[in-house]
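Structural overview
Chain residues, written in single-letter form:
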Amino acid sequence: MTTFTMPADEAEARAVQDTLRTRVVLDEPGPRPGTGRVTGVDVAYDDERDVVVAAAVVLDAATLEVVAESTARGRVTFPYVPGLLAFREIPTVLAALEALPVDPGLVVCDGYGRAHPRRFGLASHLGVLTGLAVIGVAKNPFTFRHEPPGPRRGDSTPLMDGDEVVGRALRTQDDTKPVFVSVGHRTGLDNACAHTLLLARDFRQPETTRRADALCRAALREAVA
């Protein structure tokens, strides 16, 4: 794992993104969907107390049963800046991943990878730092455009920045809003979408995200009680 150092300001943070972006691996297909383990990571904040809690929940990819879980608590040490959100979250997410008693397998972030103005969202940043295969599954398309996908589960359309495909709008349930899938590190877009569909059996969001979201919110309530 690459050591994380908090940048001093926005300019230094963007320089870090520019440097680490060159290390993103885009020519690996990634783990086969439905096999091994998949891990959801998510964070919850208490801005008044400057507290952030991260959760990591490991699922069996075939059954979606929980294999292991962990949480970590930290302080918010970087301001909110669009495009630099990873610097607020990564230190605590890394601590939660390191606390897991098992290998996480594929990691699923509630956020972006290549679908980021600098092509280096949380999923890519986390992948480069850990060496893990990581994908991003977000609830909105950030600043990018897309045509509405068809109404059925599995329908998709490209997520575009100009003429560049940066991800995919993917319908995970019939007649629901799509999610927005992008490559983070060491996996391909087709593979990322296949994982997302298998993880979103009953709900719009992947089960990894749902579990990690519930765990970090519960841990935050306990931390600030």
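Let me begin by describing the structure that accompanies this report. Everything numeric in this text was worked out from a predicted model, so none of it was measured.

**Brief notes about helix α2 (residues 86-98)**
In a regular helix each residue adds 1.5 Å, so 13 residues correspond to 18 Å; α2 covers 17 Å between its end C-alpha atoms and thus fits that length. The buried fraction of α2 is high, at 10 of 13 residues. Taken together, the buried positions of α2 are occupied by Ala 86, Phe 87, Arg 88, Glu 89, Ile 90, Thr 92, Val 93, Leu 94, Ala 96 and Leu 97. Buried residues along α2 sit in contact with α1 (10-21), β1 (37-46), β2 (51-60), β3 (66-75) and α3 (122-130).

**Here's the deal with the packing of aromatic side chains**
Applying the stated criterion across every chain, the model contains four aromatic pairs. Ring geometry for Phe 4 against Phe 87: centres 6.3 Å apart, planes inclined by 40°, an arrangement best described as tilted. Taken as a pair, Phe 4 in the segment before α1 and Phe 87 in helix α2 lie far apart in primary sequence, 83 residues in all. Look at Phe 78 and Phe 87: their rings are 5.5 Å apart centre to centre, the planes differ by 40°, and that puts the pair in the tilted class. Phe 78 gets classed as buried once you look at its relative accessible area, which sits at 4%. Here the aromatic residues Phe 4, Phe 78 and Phe 87 are joined through ring pairs into a cluster of three or more. The ring of Tyr 45 carries the charged tip of Arg 88 above its face, separated from the ring centre by 4.8 Å.

**Concerning the state of the cysteines**
Counting across every chain of the model gives zero disulfides. In this model Cys 216 remains outside any disulfide bridge; the closest cysteine sulfur is found in Cys 109, 12 Å from its own. Overall, Cys 216 belongs to the buried group, its relative accessible area being 0%.

**Observations concerning the side chain of Arg 119**
Mapping Arg 119 onto the fold places it in the loop between β4 (106-109) and α3. Look at Arg 119 and you get buried, because its relative accessible area is 10%. One polar contact links Arg 119 to Asp 161, side chain to side chain, over a distance of 2.6 Å. A polar contact is formed between the side chain of Arg 119 and the side chain of Glu 164, at a distance of 2.9 Å. Not counting residues within four places of it along the chain, the set of residues in contact with Arg 119 comprises Arg 21, Gly 113, Arg 114, Ser 124, Phe 144, Asp 161, Glu 164 and Val 166.

**What about the packing of α2 against α3?**
With their axes 11 Å apart at the nearest point, α2 and α3 run at an angle of 45° to one another. As far as their axial angle goes, α3 and α2 are oblique. Pair α2 / α3 crosses with right-handed handedness. Each of Ala 86, Phe 87, Glu 89, Ile 90, Val 93, Leu 94 and Leu 97 in α2 lies in contact with α3, whose residues at this interface are Leu 122, His 125, Leu 126, Leu 129 and Thr 130. Of the residues that constitute the contact of α2 with α3, the class distribution is nine nonpolar, two polar and one charged.

About the thresholds
Residues numbered from 1 in each chain as written. Predicted model: local features only at pLDDT ≥ 70, side-chain atom pairs only at ≥ 80, totals over all residues. Heavy atoms only, no water. Helix = DSSP H or I, 4+ residues; strand = E, 2+ residues; numbered from the N terminus. Expected span 1.5 Å × (residues − 1). Buried < 20%, exposed > 50% of the residue type's maximum accessible area, 1.4 Å probe, protein only. Contact = heavy atoms within 4.5 Å. Phe/Tyr/Trp six-rings, centres within 6.5 Å; stacked < 30°, edge-to-face > 60°. Lys NZ or Arg CZ within 6 Å of the ring centre and 35° of its normal. Disulfide = S-S within 2.5 Å. Polar contact = N/O pair within 3.5 Å; in protein donor to acceptor, adjacent residues only side chain to side chain. Axes fitted to C-alpha atoms, helices over the stretch in contact; angles between N-to-C directions. Parallel < 35°, antiparallel > 145°, perpendicular 65-115°, else oblique. Left-handed = near helix turned anticlockwise from the far one by under 90°. Nonpolar A, V, L, I, M, F, W, Y, C, P; charged D, E, K, R; others polar.

Scope: geometric values only; no functional claims are made or implied.
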